[in-house]
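Below are the chains, spelled out letter by letter.
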Amino acid sequence: MVTTGQAGARAAARRAADLLHDARAHERAACIPEAIRCYDAAIATADRTGERTILAEALRRLAVMRHLRNESTEARQLCRRSYSVACDAGNDLLAAEALNTLGGLDVQTGAIEDARSNFLQALARGGESRELRARVEQNLGIVANIQGNLDEAVAHYEGSLEAYRASNDEHGCAIAYANLGIAHTDLRQYERAEGYFQQSYEIAERAGDAHLQGQCLVNHAEVHVVRGRYEDARLNAEAALAIFDQLDARSDKSEAYRIIGMVYRKTGRAALAESRLRSAIELAVSAGSVLHEAEASCELALLYQAMGRNQEALTLLNAAHRLFRRLDARVDLVYVGGKVSELETTYFAVVLEWGQSIESTDSYTFGHCERVAQHAMAVARVVGLDDTSQTTIRLGAYLHDLGKVRVPHEILNKPGPLTQDEFAVVQMHPIWGLELLAAVEFPWDLKPIIRWHHERYDGTGYPDRLRGDEIPIAAQIVGIVDVFDALSTARPYRPALSRQAALAEIEKCRGWWSDAVYAAFVTSLDDVKSAADGRLAAVS
């Protein structure tokens, strides 16, 4: 016999289940406020009636909603409560679901090792469920993708797809297709990537999953950009942006704006590109997405480089460098190495271009900065400096004469010896170089090279009359190579000296550098050709 109280409790429990069902439907239809209200109501009802299964699931789903609205702290609290409720109820499967969701939140915030740990714990608790295994395999694929293990990622995604198919879960298959598309994009297998994105989008559209539709559109847009189909890329990214705006998914909106900015940059619409990329950065910052902020900053730096706004480009590249390093302190846990390598290649290009723009005012020194950079790195290797120090020297050499942009053209190109007053103007260029870079924070300490490459070990240099080891070794290295390249290059008032003659002049001035730097310089000559030697080789 069922009592009135029991019947009432069962009716309430059914209402909690109905609320959970309605919330899920609202979520799939991108009606986020309605979904959140229904989840809150389901949680309150299930908590009151003691329906622990419904409570655990509603808490977990609400955590996902809160995360999409950039409420990460609340999302984690809800997820942990879901895990606790499931454990108290002895429901291993729901506990595993909560762990899997918590791992997903970790991935979004860059805590990759925590994510892996949560995914593996989820498998341990609920791995017998084919449906759960499908989701965890997918998430392990995401972790492998982030770390740059693309073949491993594809294997996990394919395993996930197989499990979803065996479970007759078409929506799960759509997510697996989307991730396979991303992995094959990274592998530069674009035809396969596009096929996967299209399959995913079609299923997401049938299922009414707006967020997944947006993700497919923006990822497919990136492939269009790579393949030069800019109008298709713009249309896809704008359609994705409309969806993400409706969902108030700021991190995803940032990515859509970045793609639109890329399209405008590549099609020569600089003002529009700058506006969209600025929006991408602002949205990424507001969403706490370090990766999207770094990637949008790199893209805006490329735009500024093309516009000749090199100082602004460098400022953005410096910011991006710091952001990539923030993703995780241990590069072996998060694959930022490849992104940092790409960034540094761009960085070198911007700095070299800036150095060459300086040389364009003085036709006799064109190529000087590049030659000094290459030769200085050779000296640094002989000295035994590490990779970071060599990078510092390379970039410092590119910019060591930056201040010469303030030296009047008639002084730079004077066809005869300088007067004392004219030389005093030239001697200001190290200080002017630092002034031009005052607002730029470099990841490498370039400023001592720029200021002190004309200092001399015997104290007769400029601008600060430093003596001995007060002069950083990087500045000494750039300084000696700078003198040698100047001697080896034709000037308005004299022809280029041969290697032997230039070395003889250096020998007369060996007191300007430490013994170690001088010896390394001489040793390095076996591997480096002077400008004069290069010209002779070219015409022989």
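First, a word on scope: everything that follows refers to the structure included in this document.

Reading the values: rules and limits
Residues numbered from 1 in each chain as written. Predicted model: local features only at pLDDT ≥ 70, side-chain atom pairs only at ≥ 80, totals over all residues. Heavy atoms only, no water. Helix = DSSP H or I, 4+ residues; strand = E, 2+ residues; numbered from the N terminus. Buried < 20%, exposed > 50% of the residue type's maximum accessible area, 1.4 Å probe, protein only. Areas by Shrake-Rupley, 256 points an atom, 1.4 Å probe, with all protein chains shown as cover. Core = buried A, V, L, I, M, F, W, Y, C linked by side-chain atoms within 4.5 Å. Contact = heavy atoms within 4.5 Å. Axes fitted to C-alpha atoms, helices over the stretch in contact; angles between N-to-C directions. Parallel < 35°, antiparallel > 145°, perpendicular 65-115°, else oblique. Left-handed = near helix turned anticlockwise from the far one by under 90°. Nonpolar A, V, L, I, M, F, W, Y, C, P; charged D, E, K, R; others polar. Expected span 1.5 Å × (residues − 1). Phe/Tyr/Trp six-rings, centres within 6.5 Å; stacked < 30°, edge-to-face > 60°. Lys NZ or Arg CZ within 6 Å of the ring centre and 35° of its normal. Salt bridge = Lys/Arg side-chain N within 4 Å of Asp/Glu carboxyl O.

1. Topic: the overall build of the protein
If you tally the helices and strands in the protein, you get 27 helices and zero strands. Residues counted as buried form 52% of the 540 residues belonging to the protein. As displayed, the protein offers around 24,000 Å² of accessible surface, 50% of which is attributable to carbon and sulfur atoms.

2. A closer look at the nonpolar core
One recurring pattern in soluble globular proteins: nonpolar side chains tend to sit buried together. One finds I393 and L399 to be the most contacted residues of the largest nonpolar core, which totals 100 residues. When near neighbours in sequence (up to four residues on either side) are disregarded, I393 contacts A376, M377, A380, L385, I449, A474, I477 and V478.

3. Looking at the packing of helix 13 (residues 250-266) against helix 14 (residues 270-287)
At a minimum axis distance of 8 Å, the contact between helix 13 and helix 14 shows a crossing angle of 160°. The angle between the axes of helix 13 and helix 14 places the two elements in the roughly antiparallel class. For helix 13 against helix 14, the interelement crossing comes out left-handed. Contacts between helix 13 and helix 14 pair R250, S251, K253, S254, Y257, R258, I260, G261, M262, Y264 and R265 from the former with L272, A273, R276, L277, S279, A280, L283, A284, S286 and A287 from the latter. Class assignment of the residues belonging to the contact of helix 13 with helix 14 gives a composition of eleven nonpolar, five polar and five charged.

4. Structural notes on helix 12 (residues 230-247)
The end-to-end C-alpha distance of helix 12, which contains 18 residues, comes to 26 Å, matching closely the 26 Å that a straight helix rising 1.5 Å per residue would cover. Among the residues of helix 12, A233, R234, N236, A237, A240, L241, I243, F244 and L247 are the ones counted as buried. Taken together, the buried residues of helix 12 touch helix 2 (32-49), helix 11 (210-226) and helix 13. Of the residues flanking the end of helix 12, it is D248, one or two places downstream, whose phi is positive at about 55°.

5. Description of the packing of aromatic side chains
A ring pair, where both rings are aromatic, is described by two values, the distance of the centres and the angle of the planes. Applying the stated criterion across every chain yields a total of four aromatic pairs. Summarising the aromatic geometry, the rings of F484 and F521 are spaced 5.3 Å apart at their centres and angled 70° between planes, so their arrangement reads as edge-to-face. Taken together, the residues span a long stretch of sequence, with F484 in helix 24 (residues 473-487) and F521 in helix 26 (residues 515-524) at a distance of 37 residues. One exposure class covers both F484 and F521, and it is buried. Ring geometry for W512 versus W513: centroids 5.6 Å apart, planes at 65°, classification edge-to-face. A relative accessible area of 4% places W513 in the buried class. Stacked on the ring of W512, the Lys or Arg R456 has its end atom at 3.5 Å from the ring centre.

6. Digging into the environment of L235
Topologically, L235 is positioned in helix 12. Counting along the chain gives 17 residues from L235 to V218, while the straight-line C-alpha distance between them is 9.6 Å.

7. Here's the deal with the packing of helix 11 against helix 13
As a packed pair, helix 11 and helix 13 sit with axes 10 Å apart at the nearest point and diverge in direction by 25°. What the angle tells us is that helix 11 and helix 13 run roughly parallel. When the axes of helix 11 and helix 13 are compared, the crossing they make is left-handed. Together, H211, Q215, V218, A221, E222 and V225 of helix 11 and D252, E255, A256, R258, I259, M262, V263 and K266 of helix 13 make up the contact between the two elements. The class makeup of the residues in the contact of helix 11 with helix 13 is seven nonpolar, two polar and five charged.

8. With respect to the pattern of salt bridges
Taken as a whole and assessed by the stated rule, the structure comprises 29 salt bridges. Note that R125 is salt-bridged to D92, the shortest N-O span being 2.8 Å. With R125 in helix 6 (residues 112-126) and D92 in helix 5 (residues 92-108), the pair connects residues that are 33 residues apart, well separated along the chain. You can call R125 partly exposed: its relative accessible area is 30%. Measuring nitrogen to oxygen at the nearest pair gives 3.1 Å for the salt bridge that ties E222 to R258. Of this pair, E222 sits in helix 11 while R258 sits in helix 13, and the two are 36 residues apart along the sequence. Classification of R258 by relative accessible area gives buried; the value is 7%. The network of salt bridges with shared partners includes E191, E194, R227 and R229.

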